[in-house]
Amino acid sequence: MNPGTSQITKGLWLGLLGIVIFSVTLPMTRLAVGTPNAPQMSGVFIALGRAVVAAGLSAVFLLATRAPFPRREDWWPLAITAGGVVFGFPLFTSIAMRYVEAVHASVIVGVLPLATAAVGALLHRQRPSAGFWLCAVLGSALVVAFAMLRSGNGGLSISLADLLLLAAMGCAAVGYGYGAKLSQHMQAEHVICWALVLALPLTLPLAAFSWPTEPIKASAWWGFAYVAVFSMWLGFFAWYRGLALGGTVRVSQVQLVQPFLSMLFAVPLLGERLDAVTVGFSLAVIATVFIGKKMPVHPSTNAPSPQLQPRKT
């Protein structure tokens, strides 16, 4: 195995690890936010409170590893990254999850791989082959078809919650793309840490303002703890490093399995149903990931040949 292939393979495995961690996010968010009939924490508190907890962990980690201060030109990409994955995605999904089941929300996540691949191709000046894009489109079409099949109205019902989930996907794609680009010359774990610390002056007062005023179940606090430590922090260590090593366009296709992993986790955590149709769609989507992995992805002829290496601490 040549070094390039080894790096891509490592990137894919790290990307998969990140996706497994992220796959539990929707069920845990549903656990924390509750339902309309039994509400727990507000979506605003879950989104911003988890960012505050992760920012505190990040500050300790940055000090312990003596992380270098970001370069002046990195602050704007860090702000965009924070806007996508610290504010946009957590806020939109946390608000939406009170009104939809995790299984339903999971299928909406299926649009994320294509969105991430598009952002990655733009930022990294990569040229995926037609076959690669065909696999991406096919995988996304499968999850959209699943959503339509499960809508119960003879088609995909676009409710306000669905629109919030779609907006969350757009935010995540932009945050993933810019974070992966920063990971080419910053250590991947430092990218999410600096993004969280940068957002702290906003997230801290807003989280304090939205602190729950009613008693909250212990299970809701466990859900909050997971999204704060794993979804908002540790998952990005693996995810951004995977995107940097394997390429955003290619590694993003691993996200195609995220909806179905989320469904699998939703069954024991929330008691939601998983049937043969869901399993069938899951296998079909995984097949597109496998085929897409084999398709070539070429750098643009205008892209610089050497890649910047992460700075040593």
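Draft legend 1. Local environment of the packing of helix α3 (residues 43-64) against helix α4 (residues 75-96). Put simply, α3 and α4 touch, their axes get as near as 7 Å, and they point 145 degrees apart. Two packed elements cross with a definite hand, and for α3 against α4 that hand is right-handed. Counting all contacts with α3, which are made through G43, V44, I46, A47, L48, R50 and A51, the residues of α4 involved are V86, F87, F89, P90, L91, S94 and I95. Its residues placed into classes, the contact of α3 with α4 shows eleven nonpolar, two polar and one charged.

Draft legend 2. Representation of the nonpolar core in the model. Within the largest apolar cluster, 78 residues are counted, with the highest numbers of intra-cluster contacts made by V86, Y176, I192, L196, F236, W239 and Y240. Sorting elements by how many residues they give to this core places helix α10 (residues 218-246) first, with eleven residues. When near neighbours in sequence (up to four residues on either side) are disregarded, W239 contacts L14, G15, G18, I19, F22, Y176, V251, S252 and Q255. The next biggest cluster of nonpolar side chains, apart from the first, holds five residues, and it includes A121, F132, V249 and V297.

Draft legend 3. Representation of the packing of aromatic side chains. If you walk through the whole model with that rule in mind, you get 19 aromatic pairs. Between Y176 and W239, the ring centres sit 5.3 Å apart and the planes meet at 65 degrees, which makes this aromatic pair edge-to-face. With Y176 in helix α8 (residues 160-182) and W239 in helix α10, the pair connects residues that are 63 residues apart, well separated along the chain. Judged by its relative accessible area of 4%, Y176 is buried. Pairwise contacts between aromatic rings join F22, Y176, F236, W239 and Y240 into one cluster.

Draft legend 4. Structural view of the side chain of R30. With respect to the element layout, R30 can be found in helix α2 (residues 25-33). E272 provides the closest opposite charge to the buried, unpaired R30, separated from it by 4.6 Å. Each residue touching R30, except ones within four places of it in the same chain, is listed here: T35, M97, R98, Y99, V100, E101 and L270.

Calculation rules
- Here the residue numbering is sequential within each chain, running from 1 through the sequence in written order.
- Given that the model is predicted, a residue must reach a pLDDT of at least 70 before its local features are reported, and side-chain atom pairs must reach 80 or more before they are shown or counted; all residues, however, enter totals for whole chains, interfaces and linings.
- Only hydrogens and water are removed before side-chain values are computed, so all heavy atoms of the structure are retained for them.
- Where helices are involved, their axes are fitted lines through C-alpha atoms of the stretch in contact, as for all axes, and angles between N-to-C directions lie from 0 to 180°.
- Helix and strand labels come from DSSP, where a helix needs a run of H or I of at least four residues and a strand needs a run of E of at least two; each type is numbered from the N terminus.
- By convention the crossing between two helices is left-handed if the near helix lies anticlockwise of the far one by an angle smaller than a right angle, and right-handed if it lies clockwise.
- Pairs of residues are marked as contacts when any of their non-hydrogen atoms sit within 4.5 Å.
- The nonpolar class holds Ala, Val, Leu, Ile, Met, Phe, Trp, Tyr, Cys and Pro. Asp, Glu, Lys and Arg form the charged class, and all remaining residues, Gly among them, are polar.
- Here, nonpolar core means buried Ala, Val, Leu, Ile, Met, Phe, Trp, Tyr and Cys residues that are tied together by side-chain atoms lying within 4.5 Å of each other.
- Only protein chains enter the accessibility calculation, which uses a 1.4 Å probe. A residue is then buried if its area is under 20% of the maximum for its type, exposed if over 50%, and partly exposed in between.
- Centres within 6.5 Å make a pair out of two Phe, Tyr or Trp rings, where for Trp the six-membered ring is used; the pair is then stacked when the planes are under 30 degrees apart, edge-to-face when over 60, and tilted otherwise.
- Here Asp and Glu are counted as negative and Lys and Arg as positive; His is not counted, and neither are the chain ends.
- Any carboxyl oxygen of Asp or Glu within 4 Å of a side-chain nitrogen of Lys or Arg constitutes a salt bridge here.

The values are spatial; any link to function lies outside them.
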